[in-house]
Every structure is written in C-alpha cells, then in structure tokens.
Amino acid sequence: MRAAPGSPATFSLDGQDVEFQAGETLIEAATRAGRYIPHLCWHPDFHPHGSCRLCTVKVNGRAGAACTMQAAAGQEVQSDTAELNAQRKTLLQMLFVEGNHFCPSCEKSGNCLLQATAYQMGMEGPHFEQFYPNRPVDASHPDLLLDFNRCILCELCVRASRDVDGKSVFAIGGHGIHTHLLVNSDSGRLGDADMALGDRAASICPVGVILPKRRGFAIPIGQRRFDQAPVSQQTQGDGDS
Ligand code: FES
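Residues numbered from 1 in each chain as written. Predicted model: local features only at pLDDT ≥ 70, side-chain atom pairs only at ≥ 80, totals over all residues. Heavy atoms only, no water.

Let's shift gears to the domain arrangement of the protein. Split into domains, the protein comes out as domain 1 (10-80) and domain 2 (85-225). Between domain 1 and domain 2, the residue contacts involve 21 residues of the former and 21 residues of the latter. Among the residues of domain 1 in contact with domain 2, Leu 40, Phe 46 and Leu 54 are the three that bury the most area, contributing 43% of the side total. Counting across the domain 1 and domain 2 interface gives one salt bridge. We note a salt bridge from Arg 200 to Asp 45, for which the minimum N-O separation is 2.8 Å. Inspection of the domain 1/domain 2 interface yields eight residue pairs in polar contact (both at pLDDT 80 or more). Here the side of domain 1 that touches domain 2 is composed, by residue class, of 11 nonpolar, seven polar and three charged. (Domains from an automatic or database assignment. Contact = heavy atoms within 4.5 Å. Buried area = accessible area lost by both parts, 1.4 Å probe. Salt bridge = Lys/Arg side-chain N within 4 Å of Asp/Glu carboxyl O. Polar contact = N/O pair within 3.5 Å; in protein donor to acceptor, adjacent residues only side chain to side chain. Nonpolar A, V, L, I, M, F, W, Y, C, P; charged D, E, K, R; others polar.)

So this is what it looks like as structure tokens:
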C-alpha cells in the first residue's frame, strides 16, 4: 500500500500510526517516534545483527525481527502483546542461565540492558536450570576488565571495534552452546590486543563484559540509568555505558 501523495508514510504499531522514512527499519522508525520495541543486539549506530530475537514482532500476522525488517506503508505491526512478551521473557531466561549473571554483585547493575529488559518483561527468576559455565575473567589489560561470564553474544563490541575503531579486537568463535567471545591477539588476552580505553568498543557493551577499571561504583546503585526510568521509557537510551 502506498501513502497518499504528500502525506508521510506510516505503519501501525500496536494500533498507533508511526511515520517512517524510506529505508528505515521498523525499530528505527519506532524509536525515532519514541516507541519502545524490546531489543538487545540492536544499537542505533550500527548495522543490525538480528541475532537476539528480542525485537521479534508480528507484521501482518507473520513474525519477524523489527531490527532487520524495513518499514512499509500500511503494515500492521504488533509488538506489545502477551504472546510476544512471553516469548521475550523465555529468551531472556535462557540468556540468564547460559551465562553467569549475578546482578546484585555486578557493577553494571542499573546500567545493564539485559537486566533492564528482564525487569520490563516481568522476569522474576531464571526458570531454567543454570548452566554455570566456566569462563575466567581477563584482567590483563591495564585499563579494562573482560568478564566473559556476562556475554550475551550481541556482537556490539565486534562491530564497534571493526567498524568504528578499525581494529577488530573482538570476534565470535565456537559453535552452538560453545559459541563465545574471542580476543584477537596472539595470547588471546586483551592486554596483548590493540585496545584502548577510549575505543568505542570499550564503552559499547550493553551488559557487564567490558568494564573500565577503577570506576565500577562511581555512580552509586540507585542513581544509574535504569534506576531513573524503565527501559521502555528510554527509547533513545541506547547510548554507550
Ligand atoms: Fe533485533 Fe536483536 S534486536 S534481533
């Protein structure tokens, strides 16, 4: 369906019109309009990756990722439904048990997109059995700590290091349940990689994997980003940590 000449093209998101520009994805247009679609691996500054599936919506009744689907005039998009939110909660619960996420002791608590999205979806417990994987931290870099226990494989650090920093410090390796974040250095340790505190990759992590040293609790718990307002009210809030 085409928009009438001179009128902006729109699609319907949960019953309300959202204007979009040519080439925008559903989540880009929704975010620009101040509407929230849950997401983890999407960031407005980077090409979509389409891996976490948190942003799955129904477009004219068919499921698709809002971060990769282009907006088109007349689409009927459903996002905030009991069915889709239940699926999102299940995805979140699986992410929590795949890694080691101990929010009360994590210095990213209150600034963590995974935690904030879990609150948003009403997740009250992990539901599934914990995997408790063995993932040693890498403290070899003078200014940055890598805690692989919290990685959700969003690849934002991979994209930021490659596309912004021009360094490709990070990569994803392995298969299936053994898929994991890698550091591109001879030793595999961050201290031997070409990584600096000011790199975009150092501040892009939406969870608590890449952390600047000696700053952990500079902002007290209770005054952090998602302590101020839930993630659904911070649709422009995918700024770096
Ligand atoms: Fe769309 Fe992750 S935000 S798949």
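There is more to say after this.
Along the chain, the position of Asn 100 falls in the loop between α2 (82-98) and α3 (113-120). A residue is classified by how much of its surface remains accessible, and Asn 100, at 9% relative accessible area, is buried. At a separation of 2.8 Å, a polar atom in the side chain of Asn 100 contacts the main-chain carbonyl oxygen of Pro 133. A distance of 2.8 Å separates polar atoms of two side chains, one belonging to Asn 100 and the other to Asn 149. Every residue in contact with Asn 100, bar those within four places of it in the chain, is listed here: Tyr 132, Pro 133, Asn 149 and Arg 150. (Helix = DSSP H or I, 4+ residues; strand = E, 2+ residues; numbered from the N terminus. Buried < 20%, exposed > 50% of the residue type's maximum accessible area, 1.4 Å probe, protein only.)

This part covers α2. In this model α2 runs 24 Å from its N-terminal to its C-terminal C-alpha over 17 residues, within 8% of the 24 Å that 1.5 Å per residue would give. Listing the buried residues of α2 in full gives Leu 84, Asn 85, Arg 88, Leu 92, Gln 93, Leu 95, Phe 96 and Val 97. Buried residues along α2 sit against β3 (56-59), β5 (76-78) and α3. (Expected span 1.5 Å × (residues − 1).)

Our next topic: the state of the cysteines. This structure, assessed with the given rule, holds zero disulfides. For the unlinked cysteine Cys 205, the closest cysteine sulfur is that of Cys 154, found at 6.2 Å. (Disulfide = S-S within 2.5 Å.)

Backbone hydrogen bonds are what pair the strands of a sheet, in a parallel or an antiparallel way. The strand order β2-β1-β5-β3-β4 describes an open sheet built from five strands, whose pairing is mixed. Lying at the two open borders of the sheet, with one neighbouring strand each, are β2 (16-19) and β4 (62-65). Averaged over all adjacent pairs, the angle separating strand axes in this sheet is 35 degrees, with direction ignored. Note that strand β1 (residues 10-13) and β2 share four bridges and pair antiparallel. Of the residues in β2, the one forming a bridge with Thr 10 is Glu 19. (Pairing = 2+ DSSP bridges. Axes fitted to C-alpha atoms, helices over the stretch in contact; angles between N-to-C directions.)

Going through the model one piece at a time under the given rule, you end up with eight salt bridges. One salt-bridge network, in which partners are shared between bridges, spans Lys 167, Asp 194 and Asp 199.

Further remarks concern the environment of Gly 216. Structurally, the position occupied by Gly 216 is in the loop between β9 (210-212) and α5 (225-228). A relative accessible area of 21% means that Gly 216 is categorised as partly exposed.

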